[in-house]
Amino acid sequence: MFEKFRSAAIGLSVLVILAGVGLYILVQTGGGDKLFGGKEGTLPPVDFATLSRAFDDPSYLLCDKELCKNAEVDGPAPQFEVDAQTLRLAIADYTDNMPTVRTFRFDPMANQFDFTERLPGESLPSVVTVRIIDKGNYASELVIFSRTPVGDSKAQHHEERVTRWIRMISSRLAG
């Protein structure tokens, strides 16, 4: 009787291993999108003019009330004494050199960019949307919105993230 049980256990183990190898090959060849979802995601672009946000949302938004009419903002958008192109290059330099940041959406015509950032210890990435507004005469403004669309997060973490981004971008512009 023990021999029958041992044979059944070995057969079941081999079957599970073969199924796992088959599933691994399926995912590696790109065939697992229906099973696990695609890499693109379905995060819609942020329209700051129609963005609806309350203070109790676990997010952080720095934007002028003229642009973000429907949203409760945490503060005004930071001003930089550089043109929009220089600010865009500083943001691109910062995000390209951060291993925790990935570009999600890139819209150079609207000067709006979405990035995902997953810091160590975070189970899900946060999304940081930035929009560069050219103010003319070597002045620009950075509208920045940090949130976690899926999962739990705290507004304090988003505030720390936005503060770090602004500090690092400012230091890149100064140096």
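Here the structure is shown first, and the text comes after it.
A quick note: this is a predicted structure, and the numbers were derived from the prediction, not measured.

What follows covers the nonpolar core. Leu87, Ile91, Val130, Leu142, Ile144, Trp165 and Ile169 are the most contacted members of the largest nonpolar core, which has 21 residues in total. Elements represented by at least two residues in this core include exactly strand S1 (59-62), helix H3 (84-96), strand S4 (112-117), strand S5 (126-134), strand S6 (140-147) and helix H4 (155-174). The greatest single-element share of this core, amounting to 5 residues, is contributed by H3. Once you skip the residues sitting within four places of it in the chain, Ile144 turns out to touch Tyr60, Leu61, Leu62, Val128, Thr129, Val130, Val162, Trp165 and Ile166. Membership of the second largest hydrophobic core comes to 12 residues, among which are Phe48, Leu61, Cys68 and Val143.

One pair of aromatic rings is described through two measures. These are the centre distance and the angle between the planes. Taken as a whole, this structure holds 3 aromatic pairs when the rule is applied. Where Phe106 meets Phe113, the ring centres are 4.8 Å apart and the plane angle is 35°; that geometry is what we call tilted. Given a relative accessible area of 2%, Phe113 falls into the buried group. A centroid spacing of 5.6 Å and a plane angle of 50° characterise the contact between Phe115 and Trp165, whose relative ring orientation is tilted. Residue Phe115 is found in strand S4, and its partner Trp165 is found in helix H4; the two are separated by 50 residues along the sequence. By relative accessible area, Trp165 is classed as buried at 0%.

So, about the packing of H3 against H4. It is at 9 Å that the axes of H3 and H4 come closest, and there the two elements cross at 115°. Along this stretch, H3 crosses H4, giving a crossing that reads as right-handed. Contacts between H3 and H4 involve Thr86, Leu87, Ala90, Ile91, Asp93, Tyr94 and Thr95 from the former and Arg164, Trp165, Met168, Ile169, Arg172 and Leu173 from the latter.

This part takes up the pattern of salt bridges. According to the stated counting rule, one finds 8 salt bridges in the structure shown. A salt bridge links Asp114 to Arg105, with the shortest nitrogen-to-oxygen separation between them at 2.6 Å. Of the residues examined, Asp114 reaches a relative accessible area of 2% and is grouped as buried. Residue class for Arg105 comes out partly exposed when judged on its relative accessible area of 23%. The shortest N-O distance in the salt bridge between Glu122 and Arg161 comes to 2.8 Å. With Glu122 in the loop between S4 and S5 and Arg161 in helix H4, the pair connects residues that are 39 residues apart, well separated along the chain. For Glu122, a relative accessible area of 22% puts it in the partly exposed group. For Arg161, a relative accessible area of 2% puts it in the buried group. What you see here is one network of salt bridges that share partners, running through Glu117, Glu122, Arg161 and Arg164.

Each value, and the rule that gives it
- Once a new chain begins, its residue numbering starts again from 1 and follows that chain's sequence as written.
- Per-residue local features are limited, in this predicted model, to residues with pLDDT of at least 70; the limit for side-chain atom pairs, both in listing and counting, is 80 or more; totals at the level of whole chains, interfaces and linings are taken over all residues.
- In computing side-chain properties, one takes all heavy atoms of the structure into account and sets aside hydrogens as well as water.
- Remark: nonpolar core denotes a set of buried residues (Ala, Val, Leu, Ile, Met, Phe, Trp, Tyr, Cys) joined through side-chain atoms within 4.5 Å.
- Residue burial is assigned from relative accessible area. The probe radius is 1.4 Å, only protein chains are included, and a residue is buried under 20% of its type maximum, exposed over 50%, and partly exposed in between.
- Secondary structure elements follow DSSP: runs of H or I no shorter than four residues count as helices, runs of E no shorter than two count as strands, and numbering proceeds from the N terminus.
- Note on contacts: a residue pair qualifies if any of its non-hydrogen atoms lie within 4.5 Å across the two residues.
- For Phe, Tyr and Trp, where Trp contributes only its six-membered ring, two rings pair if their centres lie within 6.5 Å, and the inter-plane angle classes them as stacked under 30 degrees, edge-to-face over 60, or tilted in between.
- Axis definition: a line fitted to C-alpha atoms, limited for helices to the stretch in contact. Angles are taken between N-to-C directions and run from 0 to 180 degrees.
- In this scheme the crossing of two helices becomes right-handed for a clockwise turn of the near helix relative to the far one and left-handed for an anticlockwise turn of less than a right angle.
- The working definition used for a salt bridge is a side-chain nitrogen of Lys or Arg within 4 Å of a carboxyl oxygen of Asp or Glu.

In short, shape yes, function no, at least from these values alone.
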